[in-house]
Amino acid sequence: AKKMVEIDPTLAAPIDPKSRSDSKVDLMEVGIQVGKTKVFLRRRAFDILENMRKAYIATATVKIQAIARGFIQQRTFTEHCESSLQLQCWVRVIIAERKVQTVRELVNARKIQNAYRRCAGRRYYLCVLSVTRW
């Protein structure tokens, strides 16, 4: 009894030109015999299965590496975002401190000017008062 199995034609090397268009492969023709407890392979069948296994492992490896790279990139991206946020916070603090310092300087300058003008005005007033009383 011949057994037919579907094999992905991209992974397995074709045996003959007839089987290129059809994805079903005759197991006896390929060199696979299935017993009750064992599977017997010829060299060609072993090579086909080995190529399929290598291709599957290669695609799985690429997927695992892509996921790992994505995880690493995401982690570094979040680290960069957090550090840039912290840097922005420090810059905002420095800018706010400078604004507060400028406002304090202006308020104090106004107080000094006000005190000087009051003192000069009083002096002038006292001079005028002393002249009028004299």
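What counts as what
- Residues numbered from 1 in each chain as written.
- Predicted model: local features only at pLDDT ≥ 70, side-chain atom pairs only at ≥ 80, totals over all residues.
- Heavy atoms only, no water.
- Helix = DSSP H or I, 4+ residues; strand = E, 2+ residues; numbered from the N terminus.
- Buried < 20%, exposed > 50% of the residue type's maximum accessible area, 1.4 Å probe, protein only.
- Contact = heavy atoms within 4.5 Å.
- Areas by Shrake-Rupley, 256 points an atom, 1.4 Å probe, with all protein chains shown as cover.
- Salt bridge = Lys/Arg side-chain N within 4 Å of Asp/Glu carboxyl O.
- Patch = residues over 30% accessible without salt bridge, like charges linked within 9 Å, V, L, I, M, F, W, Y side chains within 5 Å.
- Core = buried A, V, L, I, M, F, W, Y, C linked by side-chain atoms within 4.5 Å.
- Expected span 1.5 Å × (residues − 1).
- pLDDT = per-residue confidence, 0-100.

Student: With reference to specific residues and values, describe the overall build of the protein chain.
Tutor: A count of helices and strands for the protein chain gives 3 helices and 4 strands. Helices and strands appear in the protein chain in the N-to-C order β-α-β-α-β-β-α. Expressed as a percentage of the 134 residues in the protein chain, the buried residues total 10%. Relative to all contacts within the protein chain whose residues are 6 or more apart in sequence, the contacts with residues 24 or more apart total 27%. About 12,200 Å² of surface is accessible on the protein chain, with carbon and sulfur atoms providing 61% of the total.

Student: I'd like a description of the pattern of salt bridges, backed by residues and values.
Tutor: Evaluated as defined, the whole model comprises 1 salt bridge. R53 is the partner of E50 in a salt bridge, and the nearest nitrogen-oxygen pair spans 2.6 Å. With a gap of 3 residues between them, E50 and R53 both fall in helix 3 (residues 43-133), about one helical turn apart. The exposure class assigned to R53 is partly exposed, which follows from its relative accessible area of 43%.

Student: Account for a nonpolar patch on the surface, with residues named and values stated.
Tutor: Taken together, the side chains of V34, V39, L41, F46 and L49 present a nonpolar region at the surface, about 410 Å² in accessible area. Elements that contribute at least two residues to the nonpolar patch include exactly strand 4 (39-41) and helix 3. Its location among the elements puts F46 in helix 3.

Student: Just give me the short version of the nonpolar core, but keep the residues and values in it.
Tutor: By size, the foremost hydrophobic cluster in this structure holds 5 residues: L27, V30, I32, A45 and I48. Secondary-structure elements contributing two or more residues to this core are helix 2 (27-30) and helix 3. Among all residues touching A45, those that are not within four sequence positions of it are V30, G31 and I32.

Student: For helix 3, give the residues involved together with the corresponding values.
Tutor: In this model, helix 3 (91 residues) spans 132 Å end to end at C-alpha, consistent with the 135 Å of a helix rising 1.5 Å per residue. Of the residues making up helix 3, those classed as buried are A45, I48 and E50. Taken together, the buried residues of helix 3 touch helix 2, strand 3 (32-34) and strand 4.

Student: A description of the confidence of the model for the protein chain should follow, citing residues and the corresponding values.
Tutor: Looking at the protein chain, the pLDDT average stands at 85 and 81% of residues meet or exceed 70. Helix 1 (residues 18-21) is the least confidently modelled element of the protein chain, averaging 48 in pLDDT, while helix 3 averages 95, the highest of any element. pLDDT under 50 marks residues 14-21. Its contacts with residues more than four places away, or in other chains, come to 8 contacts.

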